[in-house]
Every structure is written in C-alpha cells, then in structure tokens.
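This is what each chain is made of:
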Amino acid sequence: MKIKRELTIHDHDLHVGDRIKVKFPTETHWATAYKKSGSVVFFIFDDCLDELRPMNPTDTTEGGYEESELRKVLIAASEQLPEKLKKKMVPDANGDYLYLLTLREVCGYNEKWEDVSGQLDFFKDRRNRIATCKEDEYATWWLRDVVSSTDFAVVTHSGTSGHHTASYASIGVRPAFALSTDL
C-alpha cells in the first residue's frame, strides 16, 4: 500500500511544490512554490485573499496594472506582512513584494489570446490554476494583463483564461511573491 503524507519540516532549501504559511493581521493563507531560479523561489497563494476586489473603480485599463487601484491594495497588504518574511522577499521589476502574474505565465497566451511560449510548468496542470475564495467556492482571479480598453485578463473558476471589466468587484486576488534563500 502506498501512502502519501505531508510533513512539516524546518529547512532553508526550498523547492517547487513546497508550501509556506503567510500571515496577515486578519487572515492567513498558504502559498506554494511554483518556480525556482538560482537562490530565488517564487510563490503564489493557494487561494485568493479574503476580500474580492475590482482592478479599478471604473471600467478603465488606462495605466495598466502598474497604475491600478488593485496594485495599490497589494502594496498596502505587503506592508502588513511579518518582518521575518519581508526580510527574505525579493521585489519584482516594479519594486513590489506582492504582485499579480501574467496571462503568459499562467495560461500560455498573450493579450491577443494567441498561444505563446512562456507558460510556467507549474501552471500547465490546470489544478494549479484553480483557486478558492473565503467561502470555499471556486474563484475567478485577476491577472495583470490589459486585454482591451475596459478589460483585464483573469483565470476563471475552472482554470481557463478569460477577461473581465476592470470595475467588476467579484474577482479574487491571488498574489505572487519571491523569496531569497540566501538571506
């Protein structure tokens, strides 16, 4: 008989598939390592943050993800993370510690819905694209890509790619982040 058992160990050597707990003052989430590059390990939350949110208060994609209200929410959320975790975090190209992934990384498409290379191996398994929200229902979650003057890309509750208007408030937020194993 084969048995698969999850163990909790203390180790500084992180691998793809490892899970860590991320605690905020009012909510706690698990995150799974989806990629490793040298001494940096990249994680994505297993589920969405407790509060569903729009990308912007109006149906505009002007300024893209970089100028979105949701990015400001993630920046504020990263300030609430425990210092022990923040010291190990590596910012993305924008200097953010919590951020959204791209349509290319998660689904293997560009903003014109063309198949392109660059989908991360972890997300080739559709189960890794499916997330839940606080109520344990499958959630649609935001990606950072602009796909029209009013829509951003999303991953649907079934793990496929889609898009939604920027002000739609019933979309989950599934942040990603990176940790350095050198610190």
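Throughout this document, residue positions are counted from 1 along each chain, in the order its sequence is written. Local features are withheld for residues below a pLDDT of 70 in this predicted model, meaning they are given only at 70 or higher, and side-chain atom pairs are given and counted only at 80 or more; totals for whole chains, interfaces and linings count all residues. Values reported for side chains reflect all heavy atoms of the structure, with hydrogen atoms and water molecules removed beforehand.

Time to look at the layout of surface pockets. A pocket, in this scheme, is an open set of points on a 1 Å grid over the protein atoms alone with protein on both sides within 12 Å along at least 5 of 7 lines, while a cavity is a set where a 1.4 Å probe fits but cannot get out; residues line either one if an atom lies within 4 Å of a point. Grid points are joined across faces, edges and corners, and a volume is the space filled by probe spheres set on the points. One number sums up the size of the second largest pocket: a volume of about 210 Å³. For the second largest pocket, the full set of lining residues is Phe-24, Thr-26, Glu-27, Leu-49, Asp-50, Glu-51, Arg-53, Val-73, Leu-74, Ala-76, Ala-77 and Gln-80. Each residue gets one of three labels, nonpolar for Ala, Val, Leu, Ile, Met, Phe, Trp, Tyr, Cys and Pro, charged for Asp, Glu, Lys and Arg, and polar for the others, Gly among them. Per-class residue counts for the lining of the second largest pocket are 6 nonpolar, 2 polar and 4 charged.

Let us now look at the state of the cysteines. Criterion for a disulfide: a pair of cysteine sulfur atoms at a distance within 2.5 Å. For the structure shown, the criterion picks out 0 disulfides. Cys-48 forms no disulfide, and the closest cysteine sulfur to it belongs to Cys-133, at a distance of 6.8 Å. Exposed residues in this analysis have more than 50% of their type's maximum accessible area, buried residues have under 20%, and partly exposed residues fall in between, with area computed by a 1.4 Å probe over protein chains only. Here Cys-48 falls in the buried class, since its relative accessible area comes to 0%. Overall, the relative accessible area of 10% leaves Cys-133 in the buried class.

Between rings of Phe, Tyr and Trp, where Trp is taken as its six-membered ring, a pair exists when centres lie within 6.5 Å; planes separated by under 30 degrees are stacked, by over 60 edge-to-face, and by other angles tilted. Per the counting criterion, the structure on display carries 9 aromatic pairs. Ring geometry for Trp-142 against Phe-152: centres 6.3 Å apart, planes inclined by 85 degrees, an arrangement best described as edge-to-face. Of this pair, Trp-142 sits in strand 7 (residues 141-146) while Phe-152 sits in strand 8 (residues 151-155); the two residues are 10 residues apart in sequence, bridging distant segments of the chain. Ring-pair connections join several aromatic residues into one group, and the members of that group are Phe-24, Phe-43, Phe-45 and Phe-177. To sit over a ring, a charge needs its Lys NZ or Arg CZ within 6 Å of the ring centre and within 35 degrees of the ring normal. We note Arg-174 situated over the ring of Trp-141; from NZ or CZ to the ring centre the distance is 4.7 Å. A helix here means a DSSP run of H or I that spans at least four residues, while a strand means a run of E at least two residues long, and both kinds are numbered starting from the N terminus.

Further remarks concern the side chain of Thr-61. Checked against the element boundaries, Thr-61 lands in the loop between strand 3 (40-45) and helix 1 (69-78). Given a relative accessible area of 9%, Thr-61 falls into the buried group. Ignoring sequence-local partners within four residues, the contact set of Thr-61 consists of Val-146, Ser-148, Ser-149, Thr-150, Asp-151 and Phe-152. The contact rule is simple, with two residues in contact once any of their heavy atoms fall within 4.5 Å.

What follows covers the sheet that holds strand 7. For two strands to be treated as a pair, DSSP must find at least two bridges joining them. Taken in spatial order, the 3 strands make up an open sheet running 7-8-9, and their pairing is antiparallel. What marks the edges here is a single partner per strand, and that holds for strand 7 and strand 9 (161-165). Neighbour-to-neighbour, the strand axes of the sheet open up by a mean angle of 40 degrees, direction not taken into account. Sheet analysis places strand 7 next to strand 8, joined by 3 bridges and oriented antiparallel. Bridging across to strand 8, Trp-142 finds its partner in Val-154. For helices, the fitted line uses only the C-alpha atoms of the stretch in contact; every axis is such a line through C-alpha atoms, and the angle between N-to-C directions lies from 0 to 180 degrees.

Another aspect to go through is the pattern of salt bridges. We define a salt bridge as a contact between a side-chain nitrogen of Lys or Arg and a carboxyl oxygen of Asp or Glu at a distance within 4 Å. Under the counting rule described, the total for this entry stands at 10 salt bridges. Here Asp-92 ties to Arg-144 by a salt bridge, and the two come within 3.8 Å at their closest N and O atoms. In this pair, Asp-92 sits in the loop between strand 4 (89-90) and helix 3 (103-107) while Arg-144 sits in strand 7, placing the two residues 52 residues apart along the sequence. A single burial state applies to Asp-92 and to Arg-144, both of which are buried. Overlapping salt bridges, with partners in common, bring together Glu-66, Asp-92 and Arg-144 in one network.

The 5 strands are arranged 1-2-3-10-4 in an open sheet whose pairing can be described as antiparallel. A strand with exactly one partner marks an edge of an open sheet, and here the two such strands are strand 1 (19-23) and strand 4. With 6 bridges connecting them, strand 2 (residues 28-37) and strand 3 associate as antiparallel partners. Bridging across to strand 3, Ala-31 finds its partner in Phe-45.

Function cannot be read off these values alone, since they describe shape.
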